Amino acid sequence: MSIRVRFAPSPTGYLHVGGARTALFNWLHARQTGGTFILRIEDTDADRSSTEMVQGILDGLRWLGLDWDEGPEVGGPHEPYFQSQRLDRYRALAHELLAGGRAYRCFCTPDAIKARREGAEADGRGWKYDRVCAALPADEVMARVDAGEPHAIRFLVPEGTTGFDDTVHGRIEFANADIEDFVVLRSDGHPTYHLSVVADDVDMDVSHVVRGDDHISNTPKHVLIFEALGRAVPAFAHVPLILGTDKKRLSKRHGATSVMEYARQGFLPEALFNFLALLGWSPANDREIFDKGDLIEAFSLGGISGGNAVFNPDKLEWFNQQHIQRLPAGEIARRIEPILRERGRWRESFTTGERAWLLSLIELLKPRAKRLHDFADETPYLFGDDMAFDESAVARHLPDRDAHDLLAALAGRLSSAEPFDRETLDIALRAFAAERGLKAGAVIHPARVALTGRSVSPGLFEMMELLGRDRTLARLRSAPSGTSA
Ligand code: GLU
């Protein structure tokens, strides 16, 4: 049997990291087994769904590299992939259940049900639908239908137990006595989630349902519908919830939860992919860094743990740093171009004459970059001359006229460095310090402040090389000092 999995988001919000992780597990399972990954939009709740949200979800999946084989924009043999366009099919299935005696029409109004529920609860009794309408004589039902009386269709839950083997949690069973005769088709003709999800899984030949833990309590209802329709029940894997570091369910309080927000914050899709894959799944060994290909090879549904997974933003940043290290400078250049443009730091020559300069800059910043924005924002003084001097750095390293004179003398010495590259500059500066009986640091620190305005920066000699002779010498000569600033 071929593996067919699906991701079925409700477009009531942007692509959330939890949803993305569910999509990713489905995708990995499909890619590993040569199966099919279906994207299906569960937009029956017209008031809460929007095309903008659908687009946001598609963008988020594409950004992460989760391509789908069937679904919106790519089509497929089971079109349409939007539930809002499949309503007739759900109605037909509800009537199939009705005809088979597995469901019945329910004329109870919401108010009547509410009154009976509240009555039972006031007596301290639990309440589930009391099957008033299951007992109606057939001719009365037909008469009321013919008279146009609004009604829902409820599934008739049989006696016994309903269970399923969950790949993550093992066998899970529910007593049918605890399951209410649930509505499958509302009186307005709209299906409930239980009916539409099963109808689609049936029609789309879904073999494995991989979804969030929060659906476990829904699954026996789905199993009952599959069985009532005489269709094979798919395999289930319910993946654990994602919690914040405080062990509460991940929410906006914990920071960004939308996938595209991570994109905007300078995270690499490779890093978020790797990080999400390890939220709830672990390989047989302790390996942490994976690219997509490695994950396709290593992943298995059986490796998903039942315990809740904790979303640690520091760890995500660490993954980002690791994946940035793995990208060639040319690729980083491609990815940071939009950020540099936005900051007004992009120069057209970065693709031509200044290409090598940009790539050297990237190599210099790469080891410490945690986000793509670091390449654009951490060293503004390398892109242009808009220097902002940090007062405490100036006070500490350029306290007086002597420091100023020292840098002017250094500029004189470096003016003849040939070539003006990191090795030559390194040797020249150290010789200059030694001649004056100074430790190299006593020259390097002031020079750093003169060139960058700060006391912390990437390597001094690499920066001098990037700034070039004229800029380096000009900055050394015009450095402020504690007394002149
Ligand atoms: N629309 C449901 C959700 O977003 C899908 C559940 C399922 O995968 O069956 O949770």
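These notes cover the structure that comes with them. Within any chain, residue numbers begin from 1 and follow the written order of that chain's sequence. Only residues with pLDDT of at least 70 get local features here, since the model is predicted, and only at 80 or more are side-chain atom pairs given and counted; chain-wide, interface and lining totals rely on the full set of residues. Hydrogens are left out, water is left out, and the side-chain values use all remaining heavy atoms of the structure.

A look at the packing of helix 17 (residues 401–414) against helix 20 (residues 460–477)
Contact geometry for helix 17 and helix 20: axes closest at 8 Å, N-to-C directions at 135°. The orientation of helix 17 with respect to helix 20, classified from their angle, is oblique. Crossing hand, helix 17 versus helix 20: left-handed. Taken together, the residues of helix 20 that come into contact with helix 17 (itself represented by His404, Leu407, Ala408, Leu410, Ala411, Gly412 and Leu414) are Met464, Arg469, Leu473, Leu476 and Arg477. Fitted lines through C-alpha atoms serve as axes, helices being fitted only where they are in contact, and the angles separating the N-to-C directions of these axes extend from 0 to 180 degrees. For helices the rule is a DSSP run of H or I covering at least 4 residues; for strands it is a run of E covering at least 2, with both sets numbered from the N terminus onward. An angle below 35 degrees is read as roughly parallel, one above 145 as roughly antiparallel, one from 65 to 115 as roughly perpendicular, and any other as oblique. By definition, turning the near helix anticlockwise from the far helix through less than a right angle yields a left-handed crossing, and turning it clockwise yields a right-handed one. Throughout, a residue-residue contact means that at least one pair of heavy atoms, one from each residue, lies within 4.5 Å.

Details of the pattern of salt bridges
Put simply, a salt bridge is a Lys or Arg side-chain nitrogen that is within 4 Å of an Asp or Glu carboxyl oxygen. Tallied over the entire structure, the rule returns 44 salt bridges. Glutamate 70 is paired through a salt bridge with arginine 4; the nearest N and O atoms lie 3.0 Å apart. Placement of the pair is glutamate 70 in the loop between helix 2 (51–64) and helix 3 (87–99) and arginine 4 in strand 1 (residues 4–7), with a sequence separation of 66 residues. Side by side, glutamate 70 and arginine 4 carry an identical accessibility label, which is buried. Put simply, Arg6, Arg40, Glu42, Arg86, Arg89, Asp200, Asp201 and Asp203 are held in one network by salt bridges that share partners. Buried means the residue's accessible area, taken with a 1.4 Å probe over protein chains only, is under 20% of the maximum for its type, while exposed means over 50%, and partly exposed covers the values in between.

Some details on the sheet that holds strand 3 (residues 103–106)
Read from one edge to the other, the open sheet built from three strands follows the order 3-4-7, with strand pairing classed as antiparallel. Strand pairing shows two members of the sheet lacking a second neighbour, strand 3 and strand 7 (183–185), which therefore form its edges. Mean inter-strand twist for the sheet, computed between neighbouring axes without regard to direction, equals 40°. The pairing of strand 4 (residues 152–155) with strand 7 spans two bridges and is classified as antiparallel. Bridge assignment links arginine 154 to a residue of strand 7, and that residue is valine 183. Paired strands, in this sense, are two strands between which DSSP finds at least two bridges.

Digging into the environment of threonine 219
Structurally, the position occupied by threonine 219 is in helix 7 (residues 219–228). For the pair formed by threonine 219 and histidine 238, sequence separation is 19 residues and the distance between their alpha carbons is 9.7 Å. Beyond its immediate sequence surroundings of up to four residues, threonine 219 is in contact with Phe164, Arg211, Phe236 and His238. A distance of 3.0 Å separates polar atoms of two side chains, one belonging to threonine 219 and the other to histidine 238. What qualifies as a polar contact is a pair of N or O atoms within 3.5 Å, subject to a donor-acceptor requirement within protein and to the restriction that residues adjacent in sequence count only when both atoms come from side chains.

A closer look at the pairing of strand 1
Of the two faces of strand 1, the one lined by Arg4 and Arg6 and the one lined by Val5 and Phe7 are each fully buried. By the bridge criterion, four bridges tie strand 1 to strand 2 (residues 36–39) in an arrangement that is parallel. Bridge pairing in strand 2 links arginine 6 to isoleucine 38. Handedness of the β-α-β unit built from strand 1, helix 1 (residues 17–33) and strand 2 comes out right-handed. When the strands point away from the viewer and the path from the first strand over the helix to the second turns clockwise, the crossover is right-handed.

Details of the packing of aromatic side chains
When two rings of Phe, Tyr or Trp (its six-membered ring) have centres within 6.5 Å they constitute a pair, described as stacked for plane angles under 30 degrees, edge-to-face for angles over 60, and tilted for the intermediate range. Applying the stated criterion across every chain, the model contains 17 aromatic pairs. Between phenylalanine 350 and phenylalanine 383 the ring centres are 6.4 Å apart and the planes differ by 65°, which places this aromatic pair in the edge-to-face class. Here the residue phenylalanine 350 occupies a position in the loop between helix 12 (329–342) and helix 13 (355–365), and phenylalanine 383 occupies one in helix 15 (residues 380–383), the gap between them amounting to 33 residues. Like phenylalanine 350, the residue phenylalanine 383 is buried in the burial classification. Arranged with centres 6.2 Å apart and planes meeting at 75°, the rings of tryptophan 357 and phenylalanine 383 form a pair that is edge-to-face.

Re the site of the ligand
To be near a molecule or strand, a residue needs just one of its heavy atoms within 4 Å of it. As a structural note, the neighbourhood of the ligand is formed by Arg6, Ala8, Ser10, Glu42, Tyr193, Val197, Arg211 and His215. Taking glutamate 42, its side chain carries an N or O atom lying 2.7 Å from a nitrogen atom of the ligand. When each cavity is represented as a set of grid points, the ligand is found to reside in the largest pocket. Any residue outside Ala, Val, Leu, Ile, Met, Phe, Trp, Tyr, Cys, Pro, Asp, Glu, Lys and Arg is labelled polar, Gly included; the first ten of those are nonpolar and the last four are charged. Split by residue class, the shell around the ligand holds three nonpolar, two polar and three charged. In this analysis the probe radius is 1.4 Å and the grid spacing 1 Å, with only protein atoms considered; a cavity is a set of points the probe fits into but cannot get out of, a pocket is an open set with protein on both sides within 12 Å along at least five of seven lines, and lining residues have an atom within 4 Å of a point. To be counted as sitting in a cavity or pocket, a molecule needs more than half of its atoms within 2 Å of that site's grid points.

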